[in-house]
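# Reading the structure
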Amino acid sequence: MRFSELVKSINHATENLDLVTARKYMEENIELLKSKKHVLNHNAREILEFMIKRQESGYRNLDKRELATLRAVNMYAEQFDVRGIKMIIKEKPNLLMEKEAIDYLSNDSKVILVGMGVLKKEA
């Protein structure tokens with residue numbers, strides 16, 4: 001996709017409040033857009049600024065598999081299926097160590113994981 005088409009697609013998506021599509025285009029081309037953000041409309045520039053700040057602070061986006069794993073943990077926690085949660089922890093122990101993953105956990109999941117000693121209790 002050429003740069004002009006990319007800008008047009010991002011602007012069109014933000015005008016139509018299709019923020020998922022706009023974000024996807026921006027993530028794929030963030031380095032290019034950083035230097036030429038003046039061609040984006042106001043809403044698109046705001047989204048880009050937000051994404052740049054998150055990237056600079058060390059935040060990384062979770063992929064679909066990681067999000068699906070966290071949804072599974074939330075479902076097991078809702079049903080109080082500790083065995084299912086333990087299986088997931090064994091398969092992906094590092095996922096719950098990331099600060100980004102904690103934001104996707106439900107309160108039930110957090111309580112169970114704190115009780116299991118996987119997460120630290122927040123003060």
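Only a predicted model underlies this, so the values are computations on that prediction, with no experimental measurement involved.

Let us look at unusual backbone geometry. Its identity is not glycine, yet Leu17 carries a phi of approximately 60 degrees, on the positive side. Examined against the element boundaries, Leu17 turns out to sit in the loop between helix H1 (3-15) and helix H2 (19-28). Leu17 gets classed as exposed once you look at its relative accessible area, which sits at 66%. Even without being a glycine, Phe80 presents a positive backbone phi close to 55 degrees. Within the secondary structure layout, Phe80 lies in the loop between helix H5 (64-78) and helix H6 (82-91).

What follows deals with H6. For H6, every residue scored as buried is listed here: Gly84, Ile85, Ile88 and Ile89. For H6, the angular spread of buried residues about the axis comes to 140 degrees, placing them on one side. For H6, exposure combined with an orientation more than 90 degrees from the buried face picks out Arg83, Lys90 and Glu91. Its buried side turned inward, H6 meets H5 and helix H8 (107-116).

Turning our eyes to something else, we now look at the nonpolar core. A general trend in soluble globular proteins is that nonpolar side chains are found buried together. In terms of nonpolar packing, the biggest core is built from 15 residues, with Leu70, Ile85, Leu96, Leu105 and Leu113 touching the most fellow members. Grouped together as the second largest cluster of nonpolar side chains are twelve residues, Leu6, Met26, Ala44 and Met51 included.

Our focus in this paragraph is H8. Of the residues making up H8, those classed as buried are Ser109, Ile112 and Leu113. Down the axis of H8, the buried side of the element spans an arc of 95 degrees, and every buried residue falls inside it. Turned more than 90 degrees from where H8 packs its buried face, Asn107, Val111 and Gly115 sit exposed. Residues of H8 that are buried make contact with H5 and H6.

What counts, and at which threshold
Residues numbered from 1 in each chain as written. Predicted model: local features only at pLDDT ≥ 70, side-chain atom pairs only at ≥ 80, totals over all residues. Heavy atoms only, no water. Helix = DSSP H or I, 4+ residues; strand = E, 2+ residues; numbered from the N terminus. Buried < 20%, exposed > 50% of the residue type's maximum accessible area, 1.4 Å probe, protein only. Arc of directions from axis to C-beta. Contact = heavy atoms within 4.5 Å. Core = buried A, V, L, I, M, F, W, Y, C linked by side-chain atoms within 4.5 Å.

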